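A structural walkthrough
For reference, the chains in residue letters:
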Amino acid sequence: MNAPTAVFIVLAAVAVVSSLNVILRRNPVHSAIFLALTILCLAGEFVLLNAEFIAATEVIVYAGAIIVLFLFTMMLLDIRGGMRTRQFQNQFGLAAPIAVLLVALLGAAVGAINISGLPAAALSTLQAAQLGSVQNLGQELYSNFLLPFELASLVLTVGLIGAIGLAGHGAEDREEQVRIEEALEFDTKVRAKEGGHLEPEEELVPAGGHHA
Amino acid sequence: MAVLPEVVVTVLAMLLLLLDAVLPEHRKSGLTWLALLGFVVAGAFNLYQWGSPAQSAYGGMVGADNFTVFFNTLFLATAILVVLMAPAYLRERALPFGEFYSLLSFAVLGMMFTAASTDLISLFVSIELMVIAVYILAGLARREKRSNEASLKYFLLGAFASAILVYGMSWLYGITGQTNLAKIAGVLKATSLDNPLLLMTIALLAVGVGFKVALVPFHAWTPDAYEGAPTPATAFMSVGPKAAAFAALLRIFISAMGPAQPDYSLLFAILAVLTMTLANVVAIQQNNIKRMLAYSSIAHSGYILVGLAAAQPGAGSDQVAGIPALMFYLFVYTFMTLGAFAIVAYVQAGQVTGESFDDYRALGRRAPMTAIAMTLFMLSLTGVPPLAGFFGKAYLILAAVHSGMAWLAVAMAVNSAISAYYYLRVVVVMYMSDTTERVPLYRSPFIHSMLAVASLATFFVGVFADPFLRFAQGATLGF
Amino acid sequence: MQSLIWIIPVAPMAAAIINGVLGKKLGKATGAVGILAVAISFVMALYVLAGVMAAGNHEGPLADGPFYQWIVSGAFNVQLGYYIDPLAAVMLIVVTSVSLLVHIYSVGYMANDGSFWRFFCYLPLFTFAMLMLVLANNFLQLFLGWEGVGLCSYLLIGFWYNRKSASDAAMKAFIVNRVGDFGFTIGIILIWLTFGSLSFTTVFDKASTVEVGFLTMITLLLFVGACGKSAQIPLYTWLPDAMEGPTPVSALIHAATMVTAGVYMVARMYPLFIHTPVTLSVVAWVGGITAIFAASIGLVQNDIKRILAYSTVSQLGYMFLALGVVVPVSGIFHLFTHAFFKGLLFLGAGSVIHSVEHAFEHAGVHDDPQNIQNMGGLRRYMPWTAGTFLIACLAISGIFPFAGFWSKDEILTGAFVNGQYALYAIGLVTAMMTAFYMFREYFLVFEGTPRFDTHHVHPHESPWWMVGPLAVLALLSLVAGFAVGAPPEHGLFRNFLDPVFAPVLGAEHPETAFVETLILIGASLLIAVIGIYIAMMMYLRRAWSPQAVSARFPRLYDLLYHKWYLDEIYDAAIVQPTLAFARFLWGFDSGVIDGMVNGVGALIRWLGQGLRRLQTGSVGNYALGMSLGLLVILGSLLLSGTFHG
Amino acid sequence: MSVPLNYALALAAVLFVTGLAGVILRRNILIIFMSIELMLNATNLNLVAFSRYFGNVNGQIFVFFVLVVAAAEAAVGLAIIVSLVRHYKDSLNGDEFNLLKG
């Protein structure tokens, strides 16, 4: 076993343990921290696989942006309420075997991979080093992959619109909400009656202020 | 210039965004006209490209061919019809015009590039552009709980499905070393297919795209998201992204994985039967018309998928083949479904609820023309001749028979019989019941012209089916 | 001729569109539009008939071509065309003439209805669809007409949708028909699969090259469709319920035209059916059993229209019996005559209902205006209706020389001559029952003393708009038989249709001896007379009450006693068990068969209710469902070696 | 000498299924979302490994776009969650959002 492989296995072990922590922790803040750890491990693996630029981007985008976004969200919301209730779905008994079976199947498929059957390129160390360089990636991004690059900027724009449009309005919505909520609560009651026909005098009489 | 229509839509989206920020509140209804203009111009550029030789652009990222033109036509028609049906509803519910239209434009842009993509990377980015915009559209009525919830469910499950899809794409890249669809096909053809990884890839991709087109058992988000979303957004979701996802399905499974065809044909056939049967059976039980239409749209995904199951790459245009049948059905489906949802939006615009069957009581008397249009859509969805839906179904059934899957055709015929039950229920409620309801219906020239277009299309695509069928067939020559 | 055929369907379609769009403004004028359009079609149909007759003995279709190329894309070639041969010509005449008369009649019948214009939109629309069906030269067009008439039937049954029973009946008709259509669809799919074409000529040409087993499957599926549309066991339940529609609709759609579409279709497909003895015997037996089954139910009904509905089911059974025992011409002949006298019966019943309903309403009586037990003695009030009704009753009972005699006799003779003695016997018994229940109805409605309050209730004869068509149909019921049916087996009708069926049937069918023919005719006449006689004794003479009669005529007592004794034996041994059996069947009908049809619907609904619970609303459950789907797909793909092509 | 391809693919598969398990096991919508991010990262590892294996850069480019999309998705998704929790129900429990069902 060579050195990179050994490092890879160590990082992999850390990544697996911390990813398990992401999905098993009660406190979402802890989960987020472990997600960050997992991502750092993965970035390390990327370096081992000659993808230095991607490794850096991964750290910046994930650890620097996405996980921070998660943490901000948790600050905005009351996460303690969520921690007091049960953490796992009722379907645990079904979900766990599904996960195990999927691991088995994917493992079988990966194990069955016939390396010799795949078209492969033997890279020299120099070529491998150049593969993930900023220069190489930049060249590709701005030539062959210009279109997805432009599209990606639009994706981010849409993300921006969404963030502002959905979360950017705070208390001013509250009053407007009261009106609509009452009307819709009423609608929900109609649904509960399973298609029972409304008498006209019932029409549009809101159920008086029992909303929070 | 190959991507001119896409450029127009991009400019439109940006312009709408800008004007939304700049214009005073009372001038914003003018955005409707701008959106219409933009989509019509894009549509004109698009149709102009019909028949020009297929070419590849942007380093093989997108292709400009008849296939793209066909789907762009579909998307732009969808966009125009949604823009026409939206104002009445948006105004009544005090939803933001600018945001709605610009998100719509972004989603349409994503759809157009999805259909045009000839590379896994651009395909993935386009799909995501589309779905992210639609997540927001679903939650646009942010003051309504149901809209919030619809958006959340759609988003969480959509992101989950995207993760599965992109994992599948990574495997497709992994077994071929290529991201370009044509090159992938080349590698698959050249190397032995006897590879469990290929099967795994098929499974992952089928799940990922199956979610977007709402196949059972990946459909569960559909009724919830459709019911909760603002109705014009629902109408859009039920047609546009679905058609785009079918385009992606064709690009992935025919352009790229055509050589692996025997592996997935039966899989899709089984999924199609499951989808249409479950959706039709559950639709019978619905009392909310939006939800009923949601299940109906799932069932139609099942019908459309029959085309893919029956696809035989390389079949000449003189044969009744799966892919043109699929595309023709999408074309037909667009008009009848949008029409049906537009009527829901129309009925809802005048009153707060408007989603239960009871709200359609005696519509035949209260709004005769609207009721006739709705009858037309329902009958076409059922597949009653000579309306468009009948030919769509007939063509699909014949394609299934042609490819030796007669049982699939039978399943489709059974399902179409079951579906009559709930579609006709709407007609019965409209014509064969009375109401004391005196809530006036909303009047808007936009929505009336939209209904006119959709019902005329539903009628004429049936009565003069030939040119439209040729349109669909001409678009598949690339395969 | 060919260049003008398109006018036949287009005229009623134009009328339907005009009335549909401008109906509210036109008001009563919609009636004139409809009548004019159908009259044009009728004239054109006569023109076509003349053309066909002039062409003489001509094998294959006289004209077969498109008038509109619908889809011409490669293999998926769909056209609207025409296939003109004597069979189509006969159907065109039947459809357009009855439709024309019903249009005229409806002007009077629907005069006071608020939705007059809507009625005159649907009625031409129906005529259009029916004509498309008749003219079809390919299966897709046939199916189109098939669905079209079903849709119009649905709209018209539910015409008075304020009555819940009407909209329920409409729904039931549509759904039961969908069951039949499902078989029909699959049959068409198989035809396309087998022959690679949906054009009649191509399919007929290749019929003999196809393996018999496969052909049997196809024809059986087609017959399932015919069973749905023509109300045969077990798909007949919708037809009695369909009487909820306005009576002119019952006459046009549910007696004369649409319900015969199944018969027409089987006759049209005879080049396929003739190769499949299994299917033919299925057709014969389903027809025979339906005939006797429906007739026996008809014995105990009290609703004036329901009796006719069961009678229609029974007579349609007769037609299928004829097709099954390989005397198709007789089947079509019966279709032809039946259209007139059954149309007449329905229109007469409509006239009665119309009149009685108004009279009851006027007098403030709340009795059921359709129950024949509430009528009696109406002949005095409405002589024209009574007279024409009597002619129709004689015709359907098969009394010489009325129309029904000729066609029914041909069917029975055919069954006998072709060695189908059991079916012959069934036909004979059915004929007796038919005569019985028709005259029971006639006597209870028109004869005897009125069972309503004659001081307050004053029924009137219907207006001339209605009586006129009755008279025309009565004339046709009188002459349509011997004019084209005499002499039996060599009549004009047979010679006219022979070019259609003779090449198909191949070998000359056995010639019947003159004496044999006479005996058979005598038997069927006798049986009809017995039926009428029993009805007369029971419902006209009221001769069932021995005490009253013996007290009044003591001298005759002994003489008549035996007669009554015989009658009572007859009653005890045959009539009462039959009636009991009929009641049982009636219960069976509404309980079991109806239950079966409804049961499938209930099963689907129950399934839907269960599956609906899967949609829990929880994101976690949905994700689990997706993962399970992924697991199953992945697992089955990876594990099944056979999957890999 | 470099890392064997199988090792990377196996790690990716494990991470992918871990994420998938998180989605179907947990009720907290934030943690569900984080699990989805895990799945995306598994994909990234797959792509990078194949990119190295084939010696072509497309895989790494793909990762770049997956990252961009993940960022946009996170922005929108978290906005949806914030909007939902603020307007609708002070809860992060995915099971409690069930106005829509049936």
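All values reported here derive from a predicted model rather than from experimental measurement.

1. Here we look at the overall build of chain C
On a plain count of helices and strands, chain C comes out with 24 helices and two strands. A total of 645 residues make up chain C; the buried ones form 60% of that total. Long-range pairs, those at least 24 residues apart, make up 80% of the contacts in chain C between residues at least 6 apart in sequence. Surface summary for chain C: the accessible area is close to 22800 Å², and the carbon and sulfur share equals 68%.

2. A few points about the packing of aromatic side chains
The geometry of an aromatic ring pair is captured by two quantities: the separation of the ring centres and the angle between the planes. Counting across every chain of the model gives 71 aromatic pairs over all chains. Ring centres of Tyr270(C) and Phe501(C) lie 5.7 Å apart, and the angle between their planes is 90°; on these two criteria the pair is classed as edge-to-face. Of this pair, Tyr270(C) sits in helix H12 (residues 270-273) while Phe501(C) sits in helix H20 (residues 492-505), placing them 231 residues apart in sequence. Note on accessibility: Tyr270(C) and Phe501(C) belong to one class, buried. Aromatic side chains Phe50(D) and Phe54(D) sit 6.1 Å apart centroid to centroid with 25° between the ring planes, which places their arrangement in the stacked category. On the criterion of helical spacing, the pair formed by Phe50(D) and Phe54(D) is a turn pair, its members being four residues apart in helix H2 (residues 29-54).

3. Structural notes on the interface of chain D and chain A
When the parts of a complex come together, some accessible area is lost, and that lost area is often used as the size of the interface. Every contact between the two is made by 72 residues of chain D and, on the other side, 91 residues of chain A. Where chain D abuts chain A, roughly 7200 Å² becomes buried across the two surfaces, and 75% of that area is made up of carbon and sulfur atoms. Along the contact surface separating chain D from chain A lie zero salt bridges. At the junction of chain D and chain A, the tally comes to seven residue pairs in polar contact (both at pLDDT 80 or more). Going through the elements one at a time, helix H1 (5-25), H2 and helix H3 (58-87) of chain D are the ones with two or more residues in the side of chain D that touches chain A. The leading source of residues in the side of chain D that touches chain A is H3(D), at 23 residues. Counted by class, the side of chain D that touches chain A contains 50 nonpolar, 15 polar and seven charged residues.

4. Structural notes on the interface of chain A and chain C
Contacts between chain A and chain C engage 10 residues on the former and 12 residues on the latter. Buried area between chain A and chain C, both sides added, is near 920 Å², and the carbon and sulfur share of it is 77%. Considering only the side of chain A, the residues that lose the most area to chain C are Gln91(A), Ile98(A) and Leu105(A), jointly responsible for 53% of the buried surface there. Connecting chain A to chain C are zero salt bridges. Taken together, the links from chain A to chain C amount to zero residue pairs in polar contact (both at pLDDT 80 or more).

5. A look at the nonpolar core
If you look at the biggest cluster of nonpolar residues, it comprises 541 residues, and the most contacted ones within it are Phe71(B) and Met257(B). A total of 21 residues in this core trace back to one element, the largest contributor, which is helix H13 (residues 322-350) of chain B. Residues contacting Met257(B), with those up to four places away along its chain left out, are Leu172(B), Leu188(B), Leu198(B), Ile202(B), Leu205(B), Ile252(B) and Tyr264(B). Core analysis: the next-biggest nonpolar cluster, separate from the first, contains 17 residues, Leu321(C), Leu428(C), Leu520(C) and Ile527(C) among them.

6. A look at the packing of helix H4 (residues 116-135) of chain C against helix H10 (residues 247-256) of chain C
For any two helices packed against each other, the geometry comes down to the angle between their axes and how far apart the axes lie. Residue and element names in this part refer to chain C. Their axes nearest at 11 Å, the elements H4 and H10 cross at an angle of 10°. With respect to their mutual orientation, H4 and H10 come out roughly parallel. On H10, the residues touching Phe119, Leu123 and Phe126 of H4 are Pro248, Val249, Leu252 and Ile253. Across the contact of H4 with H10, the residue classes tally to seven nonpolar, no polar and no charged.

7. Topic: the pattern of salt bridges
Using the criterion set out here, one finds 16 salt bridges over all chains in the structure. Between Asp466(B) and Arg470(B) there is a salt bridge whose closest N-O contact spans 3.0 Å. Of the two residues, Asp466(B) and Arg470(B) both sit in helix H19 (residues 465-475), four residues apart, roughly one turn of that helix. Look at Asp466(B) and you get buried, because its relative accessible area is 11%. Looking at Arg470(B), the relative accessible area reads 41%, which means it is partly exposed. For the salt bridge of Glu447(C) with Arg379(C), the shortest nitrogen-to-oxygen distance reads 2.8 Å. Highlighted residues: Glu447(C) in the loop between helix H18 (421-446) and helix H19 (464-485) and Arg379(C) in the loop between helix H15 (328-363) and helix H16 (383-397), separated in sequence by 68 residues. Relative accessible area serves as the criterion here: at 14%, Glu447(C) is assigned to the buried category. Connected through salt bridges with shared partners, the residues Arg146(B), Glu149(B), Lys153(B), Asp224(B), Glu227(B), Lys290(B), Arg291(B) and Glu355(B) form a single ionic network.

8. Some points on the side chain of Asn137(C)
All names here are of chain C. For Asn137, the position within the fold is in the loop between H4 and helix H5 (139-157). Asn137 sits in the buried class, given a relative accessible area of 2%. A polar atom in the side chain of Asn137 sits 2.9 Å from the side chain of Asn138. Filtering out sequence-adjacent residues up to four positions away, Asn137 remains in contact with Asp64, Gly65, Gln79, Gly81, Tyr82, Tyr83, Leu198, Ser199 and Phe200.

9. A closer look at the confidence of the model for chain C
Residues and elements named next belong to chain C. For chain C, mean pLDDT is 82; residues scoring 70 or higher make up 88% of the total. A low-confidence stretch, residues 559-564 stays under pLDDT 50, and its non-local contacts, those more than four residues away or across chains, total six contacts. Scored as a complex, the prediction yields pTM 0.80 and ipTM 0.89.

10. Focus: the side chain of Thr127(C)
All names here are of chain C. Examined against the element boundaries, Thr127 turns out to sit in helix H4. Relative accessible area serves as the criterion here: at 1%, Thr127 is assigned to the buried category. At 3.0 Å, the side chain of Thr127 forms a polar contact with the side chain of Ser99. Residue contacts for Thr127: discarding those within four places in its chain leaves Pro12, Val38, Ser99 and His103.

11. Re unusual backbone geometry
For the bond from Val216(B) to Pro217(B), the omega torsion is 5°, close enough to zero to count as cis. Mapping Pro217(B) onto the fold places it in the loop between helix H8 (196-212) and helix H9 (221-228). With an omega of 0°, the peptide bond between Phe400(C) and Pro401(C) qualifies as cis. Phi angles above zero are rare outside glycine, and Tyr58(B) is one such case at about 55°. Assignment of secondary structure puts Tyr58(B) in the loop between strand E1 (55-57) and strand E2 (62-64).

The rules behind these values
- Residues numbered from 1 in each chain as written.
- Chains lettered and ligands numbered in written order.
- Predicted model: local features only at pLDDT ≥ 70, side-chain atom pairs only at ≥ 80, totals over all residues.
- Heavy atoms only, no water.
- Helix = DSSP H or I, 4+ residues; strand = E, 2+ residues; numbered from the N terminus.
- Buried < 20%, exposed > 50% of the residue type's maximum accessible area, 1.4 Å probe, protein only.
- Contact = heavy atoms within 4.5 Å.
- Areas by Shrake-Rupley, 256 points an atom, 1.4 Å probe, with all protein chains shown as cover.
- Phe/Tyr/Trp six-rings, centres within 6.5 Å; stacked < 30°, edge-to-face > 60°.
- Buried area = accessible area lost by both parts, 1.4 Å probe.
- Salt bridge = Lys/Arg side-chain N within 4 Å of Asp/Glu carboxyl O.
- Polar contact = N/O pair within 3.5 Å; in protein donor to acceptor, adjacent residues only side chain to side chain.
- Nonpolar A, V, L, I, M, F, W, Y, C, P; charged D, E, K, R; others polar.
- Core = buried A, V, L, I, M, F, W, Y, C linked by side-chain atoms within 4.5 Å.
- Axes fitted to C-alpha atoms, helices over the stretch in contact; angles between N-to-C directions.
- Parallel < 35°, antiparallel > 145°, perpendicular 65-115°, else oblique.
- pLDDT = per-residue confidence, 0-100.

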